[in-house]
Amino acid sequence: MSVDVQTFAVGASWIATAIGAGLWLWSWLGEKDAIRKLRFLDCGVVLLFSSILLRIVAQERQMSLWDWAVVFVGPLFIAAALWRLARTACPPPAEK
């Protein structure tokens, strides 16, 4: 049984989708701390949109209107989530 690169990438993207959805759900249902909740949400958004974009790139059919919309809007959501993750990161320890 041989696995080609496209099959592997699509399989990995579905795993990333499941992890992203889990992080997103955990941010809404399980986490109580506001900053950690926001960070879980942002990590989930990055994983979800990047995995969807990977599946769009790897598909063999022609791109639909929905695919084009995700290609243009997805990177904006990814960039916003990464920016918020950088802003809510722990500050570096103060020098003595």
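Residues numbered from 1 in each chain as written. Predicted model: local features only at pLDDT ≥ 70, side-chain atom pairs only at ≥ 80, totals over all residues. Heavy atoms only, no water.

### A short note on the nonpolar core
Put simply, the test is: Nonpolar core, defined: a set of buried Ala, Val, Leu, Ile, Met, Phe, Trp, Tyr and Cys residues in which side-chain atoms within 4.5 Å join the residues together. Buried, partly exposed and exposed residues are distinguished by accessible area as a fraction of the type maximum, computed with a 1.4 Å probe on protein chains only: under 20%, between the cut-offs, and over 50%, respectively. Helix and strand assignments follow DSSP, with helices taken as H or I runs no shorter than four residues and strands as E runs no shorter than two, numbered in order from the N terminus. The contact criterion used is simple: two residues touch if any of their non-hydrogen atoms lie within 4.5 Å.
Grouped together as the largest cluster of nonpolar side chains are seven residues: Val45, Val46, Leu53, Ile56, Val70, Ile78 and Ala81. For this core, the secondary structure elements donating two or more residues are α2 (34-58) and α3 (65-87). Counting residues per element, this core draws most heavily on α2, which supplies four residues. When near neighbours in sequence (up to four residues on either side) are disregarded, valine 46 contacts Ile78, Ala81 and Leu82.

### Overview of α2
Let me state the cut-off plainly: Here a helix's expected span is defined as the number of its residues, less one, multiplied by 1.5 Å.
When the terminal C-alpha atoms of α2 are compared, their 36 Å separation across 25 residues agrees well with the 36 Å that a helix rising 1.5 Å per residue should span. Buried within α2 we find Leu41, Asp42, Gly44, Val45, Val46, Ser51, Leu53, Arg55, Ile56 and Ala58. Those residues of α2 hidden inside the fold are in contact with α1 (5-29) and α3.

### Notes on the packing of α2 against α3
As a reminder, the rule being used: Between N-to-C directions, angles span 0 to 180 degrees; the directions come from axes that are lines fitted to C-alpha atoms, helices contributing only their stretch in contact. When describing relative orientation, an angle under 35 degrees is termed roughly parallel and one over 145 degrees roughly antiparallel, while 65 to 115 degrees is termed roughly perpendicular and anything else oblique. The handedness criterion is simple: a crossing whose near helix is rotated anticlockwise from the far helix by less than a right angle is left-handed, and one whose near helix is rotated clockwise is right-handed. Gly is placed with the polar residues, together with every amino acid not listed as nonpolar (Ala, Val, Leu, Ile, Met, Phe, Trp, Tyr, Cys and Pro) or charged (Asp, Glu, Lys and Arg).
Contact pair α2 / α3: the axes reach a minimum separation of 9 Å and the direction vectors enclose 150 degrees. Viewed along their axes, α2 and α3 adopt a mutual orientation that is roughly antiparallel. Judged by the twist between their axes, the crossing of α2 over α3 is left-handed. The residues of α3 that touch α2, namely those facing Leu38, Arg39, Leu41, Asp42, Cys43, Val45, Val46, Phe49, Ser50, Ile52, Leu53 and Ile56, are Asp67, Val70, Val71, Gly74, Pro75, Phe77, Ile78, Ala81, Leu82, Arg84 and Leu85. By residue class, the composition of the contact of α2 with α3 is 17 nonpolar, two polar and four charged.

### Some remarks on the pattern of salt bridges
Rules: A carboxyl oxygen of Asp or Glu within 4 Å of a side-chain nitrogen of Lys or Arg is what we treat as a salt bridge.
Applying the stated rule across the entire model yields three salt bridges. Put simply, arginine 84 and aspartate 42 hold a salt bridge, and the shortest N to O gap is 2.5 Å. With a gap of 42 residues between them, arginine 84 in helix α3 and aspartate 42 in helix α2 connect regions that are remote in the sequence. The salt bridge involving arginine 61 is made with aspartate 67; its shortest N-O contact spans 3.3 Å.

### Section: α3
The line we're drawing: A residue's bend is the angle separating two fitted axes: one through the seven residues that end there, the other through the seven that start there.
For α3, spanning 23 residues, the distance from its first C-alpha to its last is 34 Å, which sits close to the expected 33 Å at 1.5 Å a residue. The largest bend in α3 comes to about 30 degrees, at valine 73, with the proline proline 75 one to four residues further on. Burial in α3 covers these residues: Asp67, Val70, Gly74, Ile78, Ala81 and Leu85. Elements in contact with the buried residues of α3: α2.

### Examining the packing of aromatic side chains
Selection rule: Geometry of aromatic contacts follows a simple scheme: Phe, Tyr and Trp rings, the Trp one being its six-membered ring, pair when their centres are within 6.5 Å, and the pair is stacked under 30 degrees between planes, edge-to-face over 60, tilted otherwise. Counted as over-ring charges are cases with an Arg CZ or a Lys NZ within 6 Å of the ring centre that also lie within 35 degrees of the ring normal.
For the structure shown, the criterion picks out three aromatic pairs. Sitting over the face of the ring of tryptophan 14, arginine 55 holds its NZ or CZ atom 3.8 Å from the ring centroid.

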